Amino acid sequence: MTDSAGAPPLTQPLQDLLARFEAGEPFALARSISLVEDQAEGFESLLHALHDRLGRARRLGITGPPGAGKSTLTSALARLLRDAGETVGIIAVDPSSPFTGGALLGDRVRMDELATEPGIFIRSMASRGSHGGLSATTREAADLMDAFGFDRIILETVGVGQSELEIASQADTTVVVLVPESGDGIQAMKAGLMEVADLFVVNKADRPGADRLKKEIGIVNSLRTGGPQASVPAHHGVDLSRKSRPTPPPEPIEAWDPPVLMSVASSGEGLPELAAEVDRHHAWLRATGSLQSRRAAAAAEHARIVLERAVTRRGAEAWRAWIEEVGDDAGLAGRSPYETARILTARICRDAQ
Ligand SMILES: Nc1nc2c(ncn2[C@@H]2O[C@H](COP(=O)(O)OP(=O)(O)OP(=O)(O)O)[C@@H](O)[C@H]2O)c(=O)[nH]1
Ligand SMILES: [Mg+2]
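Residues numbered from 1 in each chain as written. Chains lettered and ligands numbered in written order. Predicted model: local features only at pLDDT ≥ 70, side-chain atom pairs only at ≥ 80, totals over all residues. Heavy atoms only, no water.

Caption draft 1: Molecular detail of the pairing of strand S4 (residues 152-158). Across the seven residues of S4, seven count as buried, placing the element largely inside the fold. What you see with S4 is no split at all: Arg152, Ile154, Glu156 and Val158 on one side and Ile153, Leu155 and Thr157 on the other are buried throughout. The pairing of strand S1 (residues 58-64) with S4 spans seven bridges and is classified as parallel. Paired with Thr63 across the strands is Thr157, a residue of S4. Sheet topology places strand S2 (residues 88-93) next to S4; six bridges connect them, and they run parallel. By the bridge assignment, Val88 is partnered in S4 with Arg152. (Buried < 20%, exposed > 50% of the residue type's maximum accessible area, 1.4 Å probe, protein only. Helix = DSSP H or I, 4+ residues; strand = E, 2+ residues; numbered from the N terminus. Pairing = 2+ DSSP bridges.)

And the structure:
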């Protein structure tokens, strides 16, 4: 039996879990994320049941080379947002530190303090061993946090591979963190980080070379976007008191030119400015309709991945049944692989009716 949207009904244990989730128990959120990570029986039905709750949280991606200070920045930003009254869910993909204890004691203590704070929820995930594709898993874990009611979700990923870039692109706003050391500007270009950045942060600005890196990023960025944007007057400052004048036609909204900020994440320097720029970007996304289109694109990509996952699963099931039926390779003799695939595709379609 399925509901109107074709999802199998929730089993009793999952119904109980859903009730605890809806009651706001952090345990139920943690358990649900584990089910998603393991692709445990019924996890898609659980996500389906929570789907109507999505869309409220603002999602922020933080990416950059290993050791750039992403976790330090994430915790400092989470602290800032929390102090301003917001609740924050954090997903850290494949962290070597300090979410898993690889860092200096000071970092660890800071992170542990954060982790026990009500209104903050931290989840670490390994990129290897993820069953159904990393970007689907992180997306669904973030969906669970959104459904749970977090105001903000921060996704930290090391910006070194395609799947990490995909994760970054699920966010409403993506922050690329670079450091003055080791020619990060060039690395960022190679890794495709320039393309995903809505904001750049030169972290470890207490180290030499920060100013130079900031300039470099600015230059590369303006080459990429085709030069500095034409300067259009900002929207704020419109005098609302002069109502009698005819309303001027709306000004065209300036394209987003990714700003380059500086920070010392370990001391919190530059973090209020970062939070303000993230807000400004969000306001821009809303004003231009980009928020909706970005989210729609991310939702479409998610649906595509879920379909692919379902087809793969059904294919594997059909294959297992086929092997049982025909016995290892004996039954394959005389059939081309294309014929076999056609027979099995027809069966999958028939069974899906
Ligand atoms: N000097 C200095 N050190 C920093 C700053 N921010 C972070 N660090 C240190 O840099 C080291 C790495 O920081 P992390 O926050 O773990 O970096 P990360 O990018 O999350 O690292 P991975 O997740 O392993 O890629 C830690 O020892 C931090 O204390 C900073 O602004 N200045
Ligand atoms: Mg980290």
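Caption draft 2: Spotlight on the environment of Arg295. Summarising the element assignment, Arg295 is placed in helix H12 (residues 290-326). The class of Arg295 is partly exposed, set by a relative accessible area of 26%. In sequence terms Arg295 and Asp172 are 123 residues apart; their C-alpha atoms lie 7.3 Å from each other. Non-local contacts of Arg295, meaning those with residues more than four positions away in its chain, are made with Gly55, Ala57, Arg58 and Asp172. Separated by 2.9 Å, the side chain of Arg295 and the backbone oxygen of Gly55 make a polar contact. (Contact = heavy atoms within 4.5 Å. Polar contact = N/O pair within 3.5 Å; in protein donor to acceptor, adjacent residues only side chain to side chain.)

Caption draft 3: Up close: the pairing of strand S5 (residues 173-178). In terms of burial, S5 is largely enclosed, as six of its six residues are buried. Covered by surrounding structure in S5 are Thr173, Val175 and Val177 together with Thr174, Val176 and Leu178, the residues of both alternating faces. As defined by bridge partners, S1 adjoins S5 across four bridges and the pair is classed as parallel. Directly across from Gly61, in S5, lies its bridge partner Thr174. Alignment of S5 against strand S6 (residues 199-202), held across four bridges, turns out to be parallel.

Caption draft 4: Expanded view of helix H1 (residues 12-22). For H1, every residue scored as buried is listed here: Leu14, Leu17, Leu18 and Phe21. Take H1 and look down its axis: the buried residues cluster within an arc of 100 degrees, on one side only. For H1, the elements touching its buried residues are helix H2 (26-38), helix H3 (43-50) and helix H6 (134-148). Looking at the residues trailing H1, positive phi occurs at Gly24, about 85 degrees. (Arc of directions from axis to C-beta.)

Caption draft 5: View of the pattern of salt bridges. Overall, the coordinates contain 24 salt bridges when judged by the stated rule. Ionic pairing is found between Arg53 and Glu22, a salt bridge with its closest N-O pair at 3.8 Å. Of this pair, Arg53 sits in the loop between H3 and S1 while Glu22 sits in helix H1; the two residues are 31 residues apart in sequence, bridging distant segments of the chain. A relative accessible area of 43% places Glu22 in the partly exposed class. Through salt bridges with shared partners, a single ionic network connects Glu44, Glu140, Arg309 and Arg313. (Salt bridge = Lys/Arg side-chain N within 4 Å of Asp/Glu carboxyl O.)

Caption draft 6: Local environment of the side chain of Glu277. Tracing the backbone shows Glu277 in helix H11 (residues 271-288). For Glu277, the contacting residues outside a window of four places in its chain are Leu199, Trp256, Pro259 and Leu261.

Caption draft 7: A look at the packing of aromatic side chains. Tallying each qualifying case throughout the model produces four aromatic pairs. Ring geometry for Phe21 versus Phe148: centroids 5.2 Å apart, planes at 85 degrees, classification edge-to-face. Residue Phe21 is located in helix H1, and its partner Phe148 is located in helix H6; the two are separated by 127 residues in the primary sequence. Take Phe21: its relative accessible area is 1%, and that puts it in the buried class. The structure contains a cluster of three or more aromatic residues connected by ring pairs, namely Phe21, Phe121, Phe148 and Phe150. (Phe/Tyr/Trp six-rings, centres within 6.5 Å; stacked < 30°, edge-to-face > 60°.)

Caption draft 8: Expanded view of the sheet that holds S6. With respect to topology, seven strands assemble into an open sheet ordered S3-S2-S4-S1-S5-S6-S7, the strand pairing being parallel. Lying at the two open borders of the sheet, with one neighbouring strand each, are strand S3 (120-125) and strand S7 (260-262). Going from strand to strand, the sheet's axes swing by 20 degrees on average, the running direction of each strand aside. Contacting S1, S2, S3, S4, S5 and S6, helix H4 (residues 70-83) crosses the sheet at an angle of about 175 degrees to S4. (Axes fitted to C-alpha atoms, helices over the stretch in contact; angles between N-to-C directions.)

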